[in-house]
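Tertiary structure, described
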Amino acid sequence: MERFDAAVIGSGPGGYVSAIRLGQLGKNTVLIEKGALGGVCLNWGCIPSKAVIHASHLREEMSHGNAIGIGTGAEVPVDVDKLRTWKEGIVTKLQGGVGGLLKAAGVTVIKGTATLTGANSFKVDLAEGGTQEIEADNIVLGTGGRPIELPFLPHSNPRIWTSKEVLALNEIPERLAIVGGGVIGLEFGCAFAKLGSKVTIVELLPGLMGGLDPELVKPVRQRFKKQGGTIHFECSAKGVEERGDHAVLIAKDKKGKDLEIPCDRVIVAIGFRPNSEGIGLEAAGVTVDKRGFVPVDAQCRTNVPSIYAIGDLTGAPFLAHRASKHGIVAAEVIAGQPSLCDWQAMPAGTFSDPEIATVGLTEQEAVEAGHDVHVGRFPFAALGRAMASNDTAGLVKVIGDKKSGLLLGVGVTGPGANTMIAEAALAIEMGAQVEDLALTVHSHPTFSEAMMEAAEDFLGHAIHVARRKKK
């Protein structure tokens, strides 16, 4: 039986990062992965989906470029085979990069499926055949999650897609139905609408993106509708029926009326469940909650001191960067360093059209927390850079405490929102005042100026939005 200082099970954005950090800290580390390095995020999620989203945005810009004197305005064709090859090239290059980084950190990589047999041991069913027994002083579980399957829309039906089938990019469906108007549903809905599909979203709730601020979601809903998309709110999917050369998604609206939505493919995007079954948690004595997630403390420890859990396995929010941070914290704790998951706010983003990014408290959450809430806003429609880029939808919204001036949260809907939000995350992490954002000089002309202007609006003296003079 081979023994290591540390073992990491799963090579997603939490697992491979944790393994590399452990190697950097001098720990003899083994990483177990049953599939491709990088996990879902690199192979079937974050990276390939953004490649498709970029391609869809490029097509839309080219199709509408005649408004500014570029092109003819004719519909731009999509070569699916070339798009798929380009996407796969990106994934392959990054897989190789992860492998190189693991090798440089001295991490041993074993391909196979790991099952815990105790608090410090597990067996691996090797991909090449046979089994291997391994012991480790500490074990990091980064097995991630998988899409929730609906029994009446089973993945065994070739009409039904998860993100994996979508990103295989074998076709651009003429008619695409999406069950779920959350992050994944909205990202794919916006992208495929721009790639030429007629997209219909069926959402159980009265709005998109769950509990997200409706003010931030509104520009996305408006643009999606402009692109020919349809959304049925307070509507539940019931099944799919074959109708000759196409299918029909059967749904019921809030009044109980049947809806029939013609479609060629259906994406089910209603959330994730943890990959906690069949990995030996019971044998190791690791506690799971009623939904199958593994509770951890601020140092990513489970109830078993030698076993850590990171990322989606521990529950929402399901964010790659959260998993990576978890992985680093777990590695540093194992190495005896004083590390802790003590962030003040976790940024979250949706790569819809336009993008949505948030960090900290929403306006409603700030009110419920007892703050004297005040809000500053700045629309991209009033920003020179946005006009020059022909991309003016959305706004920056700054939430602060009126009495103390403390910055509580920021929401951005608009071009580059998920890049811009880093400034707000840093500000909240440092305990900044809203005034600090306003006093920080921002380069011109940039999208980030909207952050400064929204902070100035909070203070009552934004320059580039008109306000009535006080009498």
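In what follows, the structure referred to is the one given above.
Residues numbered from 1 in each chain as written. Predicted model: local features only at pLDDT ≥ 70, side-chain atom pairs only at ≥ 80, totals over all residues. Heavy atoms only, no water.

**Considering the overall build of the protein chain**
When helices and strands are counted, the protein chain shows 14 helices and 21 strands. What you see for the protein chain is a C-alpha radius of gyration of 24 Å, in line with the 23 Å of a compact globule of 471 residues. With the principal axes as the frame, the protein chain shows a C-alpha extent of 80 × 65 × 45 Å. Counting contacts in the protein chain only where the partners sit at least 6 residues apart, residues at least 24 apart contribute 61% of the total. For the protein chain, the accessible area works out to roughly 21800 Å², and carbon and sulfur atoms hold 54% of it. Side chains of the protein chain carry 47 positive and 53 negative charges; the gap between the two charge centres is 5 Å. (Helix = DSSP H or I, 4+ residues; strand = E, 2+ residues; numbered from the N terminus. Rg over C-alpha atoms; globule rule 2.2 N^0.38 Å. Contact = heavy atoms within 4.5 Å. Areas by Shrake-Rupley, 256 points an atom, 1.4 Å probe, with all protein chains shown as cover. Lys, Arg positive; Asp, Glu negative; His and termini not counted. Charge placed at Lys NZ, Arg CZ, Asp CG, Glu CD.)

**Focus on the pairing of strand 8 (residues 175-179)**
Burial within strand 8 is extensive, with four of its five residues counted as buried. Taken together, the five bridges between strand 8 and strand 9 (residues 198-202) define a ladder with parallel strand orientation. Directly across from Ile178, in strand 9, lies its bridge partner Ile201. Crossover handedness for the path strand 8 to helix 6 (residues 183-194) to strand 9: right-handed. (Buried < 20%, exposed > 50% of the residue type's maximum accessible area, 1.4 Å probe, protein only. Pairing = 2+ DSSP bridges. Right-handed = clockwise from strand over helix to strand, strands pointing away.)

**Some points on the sheet that holds strand 14 (residues 265-268)**
If you trace the five strands from one edge of the open sheet to the other, you get 7-14-8-9-10, paired in parallel fashion. Across the chains shown, the open sheet's two edge strands, defined by having one partner strand only, are strand 7 (160-161) and strand 10 (230-232). Of the strand pairs in this sheet, strand 7 and strand 14 are connected by two bridges, and their pairing is parallel. From the neighbouring strand, Ile160 faces strand 14, where its bridge partner is Val266. Strand contacts of helix 6: strand 8, strand 9 and strand 14, with the helix running at about 160° to strand 9, the strand carrying the most contacts. (Axes fitted to C-alpha atoms, helices over the stretch in contact; angles between N-to-C directions.)

**Observations concerning the packing of aromatic side chains**
Think of a pair of aromatic rings as described by two things: how far the centres are apart, and how the planes are tilted against each other in angle. Within the structure shown, the criterion is met by four aromatic pairs. Relative to Phe318, the ring of Phe272 has its centre 5.7 Å away and its plane inclined at 55°; by these criteria the two rings are tilted. One end of the pair, Phe272, is in strand 15 (residues 272-274); the other, Phe318, is in the loop between strand 16 (307-309) and helix 9 (320-334), and 46 residues separate them in sequence. Overall, Phe318 belongs to the partly exposed group, its relative accessible area being 31%. One aromatic cluster is present, formed by Phe272, Phe293 and Phe318 through successive ring pairs. (Phe/Tyr/Trp six-rings, centres within 6.5 Å; stacked < 30°, edge-to-face > 60°.)

**Things to note about the side chain of Thr29**
Secondary-structure assignment places Thr29 in strand 2 (residues 29-33). Exposure remark for Thr29: the relative accessible area of 0% places this residue in the buried category. A polar atom in the side chain of Thr29 sits 3.0 Å from the backbone oxygen of Lys27. With residues up to four places along the chain from it excluded, the contact list for Thr29 reads Phe4, Ala6, Val8, Ala19, Leu22, Gly23, Gly106, Val107 and Thr108. (Polar contact = N/O pair within 3.5 Å; in protein donor to acceptor, adjacent residues only side chain to side chain.)

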